[in-house]
Amino acid sequence: MPALLELQQALRRQLLGDASSPGDAPRHADAPQSGDAPSLGDALLAGEDSALRLAIYRNTCLSALVNALRLSFPAVQRLVGADFFEAAAREFVRSSPPASAYLNDYGAGFPGFLSQFPPAAGLAYLGDVAQLEWAVNRALHAADAQRLDLTRLASLDEPALSRVSFTAHPALNLLRLESPADAIWRAVLDQNDAAMAAIDPAGGPVHLLIERGAAGVQVRRLGAAAWDFTARLCTGTPLYAVLADGPHDDADAWLAEHLSAGRLVQFHAPAPPCGETRL
Amino acid sequence: MSGTVHQLSEHGLIPAAAGIGLRFAHHEFVVQARPDVAWIEVHAENYFGGGAARQVLERVRRDYPLSLHGVGLSLGSAEGLDGEHLRRLAGLVRGMEPGLVSEHLSWSVVGGEYLADLLPLPMTEEALDVVCRHVEQTQAALQRRILIENPSTYLQFRHSTIPEWEFLAAVAQRTGCGVLCDVNNIFVSASNHGWDAQRYLQALPAAAVEEIHLAGHALRVLDNGSTVRIDNHGGCVAAEVWALYVQALRRFGSKPTLIEWDTDIPAFEVLLDEAAQAATLMRAVAAEGHACAA
């Protein structure tokens, strides 16, 4: 009689293949002690139907996970076609099943997988489009956050202001992509063949800001300097360091825009003698 | 957010009436048209994030009694619960103050990997201990009682020693949790395994049953010519399941009853028709005068 954990591990091998090697053959070497991993077939009751009934679970598991990817990567699917997408997604699911039952979090590794997927090597921008779709998906589902209270920021004294740093809204994402993936993504989703034909695939790199607004997720192109400024600010670099490293005439305007657009939701002004104070 | 708290208390409890499972396809319709539905249930995991989905749920919570139905906690995982998942669920429950919270007698996670299905448990003493421990852990984290739903299954394990209905009754008895009686699942599992659906219904602890689920299923012919019923939530409730529902109402009395539909989701009117059918049967059985909740 297999222990519950052994049975669940055996069923996992039946549904998605062996965790440590591709293919569906159970590998006895994975068993913790004796090398005698329980054979699921022997533990099942349903007799001659058990393999066919097991396939019902296998189909549900695979199709639910492939469908989760399909929902998050619609432009990738249109670029490669439904059959290609299904095959690629199944391979990804088998090699990287979700680490959580919160499926909106599933697929972070899919863009990297596609970039390394030999059958997709002919579409150099596919990985970039997938990265953009993943950022859009994250923006769509990220937690809500309160706007930054500007009156509290204004109340800081000069020494505190000189050390202030920010936390970005959880829905804000910044991407630098080698190809014009934003234009491709838009043309593909709009099914606009004329726009697609006009895109120079070598017309990158692009510097993108992806955020969630009242009207849904927005993807904007920034200039390289504005993107660098924003990226450093949003990853917690103190404002003085951002300004000192890349002085730019428009920095005031960028900061004002980020604050008014609600892209920065928290600030931190560490007091010099006793460490960081979170306000 | 703070403005919603006052209104939440007006719709605390789920009435003994027919509700509808809300899916994304009908978000806009429900928010705009505010259809006449006694209560609404959603899959908790669809609202773990923020943004538009969360806004819809807050709106639904103001307009309807709301039940949260979890599909990913994996109460039967031998390796323990995913603490982050439980934390997210607890956060949603705190924010929404739902009338009911439910999960499944099944497992979905092993080796830290989520297998995206409600998988069958062997009905053993070990599995019973695991499920009871996790139900208690969940009830402690949520600071409330939860309901556990009987699963639909296609496989049974040779080393199972406890009938599923006794297993579910034992979980309720040991943990104090309630039972969500999915009548379609009883019918599907009974058909697939040759069980007596009536006996299953009679064996459930009536006092613990707080909710009933109804859904459609499909009959599939396997390659060897045998048939299996698939719980696909993809159609109208079957005639045999309506008949079993009447038996359930006679045994448990009028209970909150949910219409679930998850694949090939039809127009909302079709769901309203199914809910109306459930409401009609609930009234008819109540009028028989032998509804007994003992």
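Since the structure is predicted, the reported quantities are computational estimates derived from the model, not experimental observations.

1. Considering the environment of Gln173 of chain B
- Relative to the helices and strands, Gln173 of chain B resides in helix H6 (residues 164–175).
- Considered as a pair, Gln173 of chain B and Pro205 of chain B are 32 residues apart in the sequence and their alpha carbons are 8.6 Å apart.

2. A word on the pairing of strand E5 (residues 264–268) of chain A
All names here are of chain A.
- Most of E5 is tucked away, with 4 of its 5 residues classed as buried.
- As paired elements, strand E1 (residues 165–168) and E5 share 4 bridges and run antiparallel to each other. Considered in E5, the bridge of Ala168 is made with Leu264.

3. Overview of the environment of Asn59 of chain A
Residues and elements named next belong to chain A.
- On the secondary structure map, Asn59 appears in helix H3 (residues 50–72).
- Overall, Asn59 belongs to the partly exposed group, its relative accessible area being 42%.
- Sequence separation between Asn59 and Leu15 is 44 residues; the distance between their C-alpha atoms is 8.2 Å.

4. Side note on the pairing of strand E8 (residues 178–182) of chain B
All names here are of chain B.
- Burial within E8 is extensive, with 5 of its 5 residues counted as buried.
- Alternating residues of E8 divide into Gly178, Leu180 and Asp182 and Val179 and Cys181, and every residue in both groups is buried.
- The pairing of strand E7 (residues 147–149) with E8 spans 3 bridges and is classified as parallel. The residue bridging Ile148 from the neighbouring strand is Val179, located in E8.
- The parallel pair E7 and E8 is bridged by H6, and the resulting crossover is right-handed.
- As paired strands, E8 and strand E9 (residues 209–215) are joined by 4 bridges and run parallel to one another. Looking across to E9, one finds that Cys181 is bridged to Ile212.

5. Quick look at the interface of chain A and chain B
- With 44 residues of chain A at the interface, the matching set in chain B holds 49 residues.
- Summing both sides of the interface, chain A and chain B together bury roughly 3900 Å²; the carbon and sulfur share of this comes to 63%.
- Of all residues in chain A, the largest losses of buried area upon contact with chain B belong to Leu4, Arg53 and Tyr57 of chain A, amounting jointly to 20% of the total for that side.
- The interface formed by chain A and chain B includes 2 salt bridges.
- For Arg88 of chain B, the salt bridge is made with Asp105 of chain A, and the minimal N-O distance between the two is 3.1 Å.
- The interface formed by chain A and chain B includes 15 residue pairs in polar contact (both at pLDDT 80 or more).
- Counting only elements with at least two residues in the side of chain A that touches chain B, the list comes to helix H1 (4–16), helix H2 (40–43), H3 and helix H7 (126–141) of chain A.
- Among the elements that line the side of chain A that touches chain B, the one with the most residues is H3 of chain A, at 10 residues.
- Classifying every residue of the side of chain A that touches chain B by side-chain character gives 30 nonpolar, 6 polar and 8 charged.

6. Let's talk about the packing of aromatic side chains
- This model, assessed by the stated rule, comprises 18 aromatic pairs over all chains.
- Members of the aromatic cluster, joined through ring pairs, are Phe73, Phe84, Phe85, Phe92, Tyr106, Phe110, Phe113, Phe117 and Trp134 of chain A.

The rules behind the values
- Residues numbered from 1 in each chain as written.
- Chains lettered and ligands numbered in written order.
- Predicted model: local features only at pLDDT ≥ 70, side-chain atom pairs only at ≥ 80, totals over all residues.
- Heavy atoms only, no water.
- Helix = DSSP H or I, 4+ residues; strand = E, 2+ residues; numbered from the N terminus.
- Buried < 20%, exposed > 50% of the residue type's maximum accessible area, 1.4 Å probe, protein only.
- Pairing = 2+ DSSP bridges.
- Right-handed = clockwise from strand over helix to strand, strands pointing away.
- Contact = heavy atoms within 4.5 Å.
- Buried area = accessible area lost by both parts, 1.4 Å probe.
- Salt bridge = Lys/Arg side-chain N within 4 Å of Asp/Glu carboxyl O.
- Polar contact = N/O pair within 3.5 Å; in protein donor to acceptor, adjacent residues only side chain to side chain.
- Nonpolar A, V, L, I, M, F, W, Y, C, P; charged D, E, K, R; others polar.
- Phe/Tyr/Trp six-rings, centres within 6.5 Å; stacked < 30°, edge-to-face > 60°.

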